[in-house]
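Next come the chains, spelled out residue by residue.
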Amino acid sequence: MNIGLILSLLLINTICSVALVDTSKWVGAEYAPMQSSNEDWLYHYDAYADSIERELPIIKKVMQFTSLRVFLHSMIYETNSTLLLSNMERFLSVADYNNFTIGFVFFDDCWNHAGFSLEESCQPIKGVHNGCWAASPQNKDRTSVDRYEPYVTDIVSHFVSDSRIAWWEVFNEPNHLNKYSISLRLSGYNWIKSLSPLAPILSCWDENEGTDLNDHHQYNLPWGGEKNLVFLNLTGHMQGGLVTEAGARWY
């Protein structure tokens, strides 16, 4: 089973400043097929289809999860947008059959910012954490922010009223010191917001101008406290939110 299924947790019922969003039943984890090492499985979906159809019922039975967080990659869209949309539809059909809703992530600043390939499979390096995970977009492709408007709007438009979508997540863990990342996060939020999707829009970190909900990651102790507003759930004080990543690294 993908390690993300053990380390990640989604929770917390909320009151969003934009609209009431009940996330109390969003319990789950990040998902990628067991044999996948990065986001390229949504490009090579046929190679993973059997695994997906086998794994999702097991996850439901053993873990009782209700929602899964799934990372997209801008390179897949730019290589073959029709294929990506088709494969997202195939995955959503399997997820829905097994009573999962899905939160899709568009951009990510984590791990490898170069070397991602859809033609050559990355070989994991023993002892290296997330050695194959690819930032989206890759540094060489960060030519402009507007370049990625079609990627975001085409996908959201296709699924804009789809109840199988739990949320749209613009950016995972953007580098606060990277002006491009912060600009892309806000632009992505505005692009999606203009489409008025059924699902709320998220972005790390925590409360920020590019998110409807407090998108929190909790890997340290203590849980709760004044700095972790997502746990306080105070009406009028916070946007409401959920924990999209968590893990007991203190052990």
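Coordinates for the structure precede this section.
Every chain is numbered on its own, with residues counted from 1 as its sequence reads. At least 70 in pLDDT is required for a residue's local features to be given in this predicted model, at least 80 for side-chain atom pairs to be given and counted, and no such filter applies to totals for whole chains, interfaces and linings, which use all residues. As a rule here, side-chain values cover all heavy atoms of the structure and leave hydrogens and water aside.

Draft legend 1. The arrangement of the packing of helix α4 (residues 81-97) against helix α5 (residues 149-158) in detail. Here α4 crosses α5 at 40°, and the two axes come no closer than 11 Å. You can see that α4 and α5 cross each other, and the crossing is right-handed. On the side of α4, the interface is formed by Ser81, Leu84, Leu85 and Met88, while α5 contributes Tyr151, Asp154, Ile155 and His158. Polarity classes work like this: nonpolar for Ala, Val, Leu, Ile, Met, Phe, Trp, Tyr, Cys and Pro, charged for Asp, Glu, Lys and Arg, and polar for all others, with Gly in that last group. The class makeup of the residues in the contact of α4 with α5 is five nonpolar, two polar and one charged. Interaxial angle, 0 to 180 degrees, is taken between N-to-C directions of lines fitted to C-alpha atoms, where a helix line uses only the stretch in contact. Here a helix means four or more residues in a row that DSSP labels H or I, a strand means two or more in a row labelled E, and each is numbered from the N terminus. With the far helix as reference, a near helix turned anticlockwise by less than a right angle produces a left-handed crossing, and one turned clockwise produces a right-handed crossing. Contact definition: two residues touch when any of their heavy atoms are within 4.5 Å.

Draft legend 2. Just the pattern of salt bridges, in detail. A side-chain nitrogen of Lys or Arg and a carboxyl oxygen of Asp or Glu constitute a salt bridge if their distance falls within 4 Å. If you walk through the whole model with that rule in mind, you get eleven salt bridges. Taking the shortest distance from any N to any O, the salt bridge between Glu30 and Arg69 comes out at 2.7 Å. Pair noted here: Glu30 is in strand β1 (residues 28-30) and Arg69 is in strand β2 (residues 67-71), with a separation of 39 residues, a long-range link. Residue burial is assigned from relative accessible area. The probe radius is 1.4 Å, only protein chains are included, and a residue is buried under 20% of its type maximum, exposed over 50%, and partly exposed in between. On the basis of relative accessible area, Glu30 is assigned to the buried category, the value being 18%. On the basis of relative accessible area, Arg69 is assigned to the buried category, the value being 0%. Between Glu89 and Arg164 there is a salt bridge, with the nearest N and O atoms lying 3.1 Å from each other. Here Glu89 is found in helix α4, whereas its partner Arg164 is found in the loop between α5 and β4 (165-172), with 75 residues between them in sequence.

Draft legend 3. A look at the state of the cysteines. Pairs of cysteine sulfur atoms within 2.5 Å are identified as disulfides in what follows. Considering all chains together, one arrives at one disulfide under this definition. Each disulfide pairs two cysteine sulfurs, and for Cys122 the partner residue is Cys132, the sulfurs being separated by 2.0 Å. Measuring handedness by torsion sign, the sulfur bridge of Cys122 and Cys132 sits at about -80° and is left-handed. Of this pair, Cys122 sits in the loop between β3 (101-108) and α5 while Cys132 sits in the loop between β3 and α5, and the two are ten residues apart along the sequence. Free cysteine: Cys110, not disulfide-bonded; nearest cysteine sulfur from Cys204 at 8.2 Å. Accessibility expressed as a relative area gives 0% for Cys204, which makes it buried.

Draft legend 4. View of the sheet that holds β4. Spatially, five strands are ordered β1-β2-β3-β4-β5 in an open sheet, and the strand pairing comes out parallel. The two strands at the open ends of the sheet, each matched to only one other strand, are β1 and β5 (201-202). At least two bridges found by DSSP between two strands is the condition for calling them paired. Pairing of β3 with β4 involves six bridges; the strand directions are parallel. Bridged to Phe107 within β4 is Phe171. Lying on the sheet, α4 is in contact with β2, β3 and β4; it crosses β3 at an angle near 145°.

Draft legend 5. The side chain of Asn208, seen in detail. Mapping Asn208 onto the fold places it in the loop between β5 and β6 (214-218). A distance of 3.2 Å separates the side chain of Asn208 from the backbone oxygen of Asp206, its partner in a polar contact. Two N or O atoms count as a polar contact when they lie within 3.5 Å, although within protein this holds only if one can serve as hydrogen donor and the other as acceptor, and sequence-adjacent residues are included solely when both atoms are side-chain atoms. Polar side-chain contacts of Asn208 include one of 2.7 Å to the backbone nitrogen of Gly210.

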